[in-house]
Amino acid sequence: METEHAHAAIEALLEERRTFSPSEDFRAGAAISDEEVYRRAEKDFERFWAELAGEFIGWFKEPTKTMDWKPPHATWFADGELNVAWNCLDKQVDAGRGGKVAYHWVGEPEGETRDLTYEELLREVSRLANGLRSLGVRKGDRVGIYMGMVPELPVAMLACARVGAAHVVVFGGFSAESLAERMRDTGAKVLITQDEGWRKGSKVPLKRNADDAADEAPDLERFVVLRRTGDDVPWTEGRDVWWDELVDEQSEECEAERMNAEDVLFLLHTSGTTAKPKGAQHTSAGYLLHVSVTHKWIFDIHEDTVWWCAADVGWITGHSYIVYGPLNNGTTSVLYEGDPAYPDWDRHWQIVERYGVSAYYTAPTLIRSFVKMGPEYPARHDLSSLRLLGTVGEPINPEAWVWYWKYIGQERCPIVDTWWQTETGGILITPLPGVTTLKPGSATVPFPGIKPEILDEQGNPVPQGEGGFLTISRPWPGMFRTLWEDDERYVQTYFSKYGPETYFTGDGAKQDSDGYFWLMGRIDDVINVAGHRLSTTEIESTLVEHAAVAEAAATGAADPDRGQRIVCFVLLKGGHEPSDELAEELRQFVAQKIGKIARPAAVLFGDDLPKTRSGKIMRRLLKDIAEGNELGDTTTLRDATVVDDLKQKADAALGRR
Ligand code: PRX
């Protein structure tokens, strides 16, 4: 094995062989049911996107151009004019969807719900857009948004889009400090927020945090504050205005600004765990096209689909697949305010049953929590309305995939594992559910027109079956255009490793003999044991295959002899207790499945893993724990107490105490 794999950038040792083909039933009703789209896109990818632009975008002025690629900068439809909010609202009302529900909103406190039709949404957006104009917001400005998952969050984004201001949404779980940094970075003058939000039955002090942020972001001149809980909050006369008082006096008519296709629609900071966040800059037409086509084809959206993307609007997933894609497709969506475990772990299934949700999209981290809690929660509800499931955000372990297939999809629903990033704007690697045969754990194949390549350190394509660095070697309409006011960092981070023609994703991947893509995690997650570069994802997936394991994270700790040694953190399923015997069994299990080289030096049991607020495991901290270092910055952690507990256990188990 050593010589055979010596030149691979990352070694790929696991192989998953189960496959799931689309059922005849599903295929018959699917939006895309044959491979013709792939051929069409390959023949002329620019023309492919240009034709779709005619179908998916309502233009104020039709473009005559398609793509202009001056590596590493692309423009799409550069002389076209449109307004994204007009496409999401007015166009839908004109098409007869005025009375159709755009959002079934479900508050976290039980019993609080609200339905908003397209017509109502258009009215609310127009009034707020007029209100923003009255505060001096103009085309080209930046507006901060710091809210919970309330219907007014998409309203605020669309109001910005209507007046041509770029929104900068900051996830409501972030601190005042993170908010201030993003406001300073983008020079926002207006911030839209709310008194408080609901999370896990508690109130989140959004307005208070915003006040603290304002001390560190001197450009912020005005606050628009939505009443959500109605509690008293600190108030700064002259700066703060209540949302309802601002919109009360506004007209329900608001002309949508004519925007160029390449004008900025929004800035969104990447959820990076280390350096200063990067403000990905997304534009209007190319982005709208990409998210709308991918939404419709991948999630198989029909006029009567009830769609639920259970992400937070504060992440790119929410921007693309709660707001812009679904609205531009005239879809009915569910928008849920709160925590999946509030008041109990069946909350999502209760909502699926109540609204007859037909397509549901979430992250592997949540699926693993569902696995841990057990199948009795979904079993409490009628899930027969579901016809498709999706995942995003991390590699999904085959075992979690199969659990999702069995207990949520009831062996009937295709699962689309979609690979993409904040920077890519929309999905790039994914099945089309009426066409693609699925393999648990693989994001399968490139979306039509997308060209990923796996390269080694020197930029050569790696042989099939071997791991390397995932790159994209051709532009696509939804790609970010640069980093806000930092083009140098854009070039440096994404287009220097392999030159300006090749987008470097930062992910490791392999392709199998069918050409399927298997994502292996961020390359900074690779563990190097005695010269073998091992994928954390493979080790984790193997551990999760063991009957006792609910969730696992693998990390490399510095080792004087072997470069790094593998330390694994494991959460057990209910009914299993930590013991030395079990740790030993798990070490053997990994050695047996992947190879001796992957045998963990230690397996540690914990009650939870350190995760960011978007659910990604913070490997930097696991590494600190495994190496017995002082812990780095823990401010972006969802629950900071988790690391102290793990650190004590690690120090004890690794003989540092
Ligand atoms: O490492 C990949 C992982 O999430 C990263 C992008 O994170 P973010 O910009 O926060 O966007 C998340 C939502 C699109 C990627 O570089 N990732 C995302 N989807 C998958 C994935 N890893 C494996 N499989 C996926 N389906």
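Residues numbered from 1 in each chain as written. Predicted model: local features only at pLDDT ≥ 70, side-chain atom pairs only at ≥ 80, totals over all residues. Heavy atoms only, no water.

Novice: Explain the overall build of the protein chain here, please?
Specialist: Secondary structure summary: the protein chain contains 21 helices and 30 strands in total. On C-alpha atoms alone, the protein chain measures out to a radius of gyration of 24 Å, which is about the 26 Å that the 2.2 N^0.38 rule sets for 657 residues. Projecting the C-alpha coordinates of the protein chain onto the three principal axes gives extents of approximately 70 × 60 × 50 Å. Relative to its full complement of 657 residues, the protein chain shows a buried share of 63%. Taking the contacts inside the protein chain whose residues are at least 6 apart along the sequence as the reference set, 71% of them involve residues at least 24 apart. (Helix = DSSP H or I, 4+ residues; strand = E, 2+ residues; numbered from the N terminus. Rg over C-alpha atoms; globule rule 2.2 N^0.38 Å. Buried < 20%, exposed > 50% of the residue type's maximum accessible area, 1.4 Å probe, protein only. Contact = heavy atoms within 4.5 Å.)

Novice: Explanation requested: the site of the ligand in the structure shown.
Specialist: Around the ligand lies a shell of 17 residues, among which Asp417, Thr418, Thr422, Asp507 and Arg522 are the nearest. In this structure, Asp417 approaches the ligand through a side-chain N or O atom, which is 2.7 Å from a nitrogen atom. Between the ligand and Asp507 there is a distance of 2.9 Å, counted from an oxygen atom to a side-chain nitrogen or oxygen. Relative to its unbound accessible area of 540 Å², the ligand is 92% covered by the protein chains. Elements that contribute at least two residues to the shell around the ligand include exactly α12 (316-328) and β25 (517-522). Grouping the amino acids of the shell around the ligand by side-chain chemistry returns 6 nonpolar, 6 polar and 5 charged. (Near = heavy atom within 4 Å. Polar contact = N/O pair within 3.5 Å; in protein donor to acceptor, adjacent residues only side chain to side chain. Areas by Shrake-Rupley, 256 points an atom, 1.4 Å probe, with all protein chains shown as cover. Nonpolar A, V, L, I, M, F, W, Y, C, P; charged D, E, K, R; others polar.)

Novice: Explain the pattern of salt bridges to me, please; I cannot follow it from the model alone.
Specialist: Working definition: two side chains of opposite charge can pair if their charged atoms are close together. Taken as a whole and judged by the stated rule, the model has 42 salt bridges. Close ionic contact of Glu399 with Arg18 constitutes a salt bridge, the shortest N to O distance being 3.0 Å. Here Glu399 is found in helix α16 (residues 398-408), whereas its partner Arg18 is found in the segment before α1 (24-29), with 381 residues between them in sequence. The class for Glu399 is partly exposed, based on a relative accessible area of 25%. Accessibility expressed as a relative area gives 33% for Arg18, which makes it partly exposed. Residue Glu627 is joined to Lys623 by a salt bridge in which the shortest nitrogen-to-oxygen separation is 3.6 Å. Here Glu627 pairs with Lys623, and both are found in helix α20 (residues 619-627), just 4 residues apart, close to one helical turn. Accessibility expressed as a relative area gives 25% for Glu627, which makes it partly exposed. (Salt bridge = Lys/Arg side-chain N within 4 Å of Asp/Glu carboxyl O.)

Novice: Explain the domain arrangement of the protein chain to me, please; I cannot follow it from the model alone.
Specialist: By a frequent convention, interface size equals the accessible area lost on bringing the separate parts together. As far as domains go, the protein chain holds domain 1 (24-508) and domain 2 (526-653). Every contact between the two is made by 18 residues of domain 1 and, on the other side, 21 residues of domain 2. Roughly 1700 Å² of surface becomes buried between domain 1 and domain 2 when both sides are summed, with 57% attributable to carbon and sulfur atoms. Linking domain 1 with domain 2 are 3 residue pairs in polar contact (both at pLDDT 80 or more), by the criterion used here. Of all the secondary structure elements, the ones that give two or more residues to the side of domain 1 that touches domain 2 are α14 (364-373) and α16. Sort the elements by how many residues they give to the side of domain 1 that touches domain 2 and α14 lands first, with 4 residues. Residue composition of the side of domain 1 that touches domain 2, by class: 7 nonpolar, 7 polar and 4 charged. (Domains from an automatic or database assignment. Buried area = accessible area lost by both parts, 1.4 Å probe.)

Novice: In this structure, what is going on with the sheet that holds strand β20 (residues 415-417)? I would like to understand it.
Specialist: Strand order in the open sheet formed by 7 strands is β5-β4-β17-β16-β18-β19-β20, with mixed pairing between adjacent strands. Lying at the two open borders of the sheet, with one neighbouring strand each, are β5 (113-117) and β20. Within the sheet, the average angular offset between the axes of one strand and its neighbour, ignoring direction, is 20°. As judged from the 2 bridges shared by strand β16 (residues 306-309) and strand β17 (residues 332-336), these two strands associate in the parallel manner. Pairing of Trp307 across the sheet is with Ser333, part of β17. (Pairing = 2+ DSSP bridges. Axes fitted to C-alpha atoms, helices over the stretch in contact; angles between N-to-C directions.)

Novice: Please explain the packing of helix α8 (residues 176-186) against helix α9 (residues 206-216) as it appears in this structure.
Specialist: Helix packing for two helices is described by the angle between their axes and how far apart those axes are. α9 packs onto α8 with a crossing angle of 50° between their chain directions and a minimal axis gap of 8 Å. The angle between α8 and α9 places the two elements in the oblique class. For the pair α8 and α9, the crossing hand works out as right-handed. Counted together, Ala176, Leu179, Ala180 and Arg184 of α8 and Asn209, Ala210, Asp212, Ala213 and Glu216 of α9 form the full contact between these two elements. In the contact of α8 with α9, the residues fall into 5 nonpolar, 1 polar and 3 charged. (Parallel < 35°, antiparallel > 145°, perpendicular 65-115°, else oblique. Left-handed = near helix turned anticlockwise from the far one by under 90°.)

Novice: What exactly am I supposed to notice about helix α2 (residues 36-43) here?
Specialist: The α-helix advances 3.6 residues per turn, and as a result positions three or four apart in sequence lie on the same side. Residues of α2 that are buried: Val37, Tyr38 and Ala41. Within α2, the buried residues cover an arc of 100° as seen down the axis, which keeps them to one side. What points out from α2, more than 90 degrees from its buried face, is the exposed set Arg39 and Lys43. On its buried face, α2 is in contact with α3 (45-56) and α11 (285-298). (Arc of directions from axis to C-beta.)

Novice: Would you mind showing me how to read the packing of aromatic side chains here?
Specialist: Think of a pair of aromatic rings as described by two things: how far the centres are apart, and how the planes are tilted against each other in angle. Applying the stated criterion across every chain, the model contains 39 aromatic pairs. Taking 4.4 Å as the distance between ring centres and 35° as the angle between the ring planes, the aromatic pair formed by Phe171 and Trp315 counts as tilted. Linking Phe171 in the loop between β7 (166-169) and α8 with Trp315 in the loop between β16 and α12, this pair joins segments that are 144 residues apart in sequence. Since its relative accessible area comes to 15%, Trp315 is described here as buried. These aromatic residues form a ring-pair network of at least three members: Trp308, Tyr336, Trp345, Trp349, Tyr360 and Phe370. Positioned over the ring face of Phe469 is Lys497, at 5.0 Å from the centre of the ring. (Phe/Tyr/Trp six-rings, centres within 6.5 Å; stacked < 30°, edge-to-face > 60°. Lys NZ or Arg CZ within 6 Å of the ring centre and 35° of its normal.)

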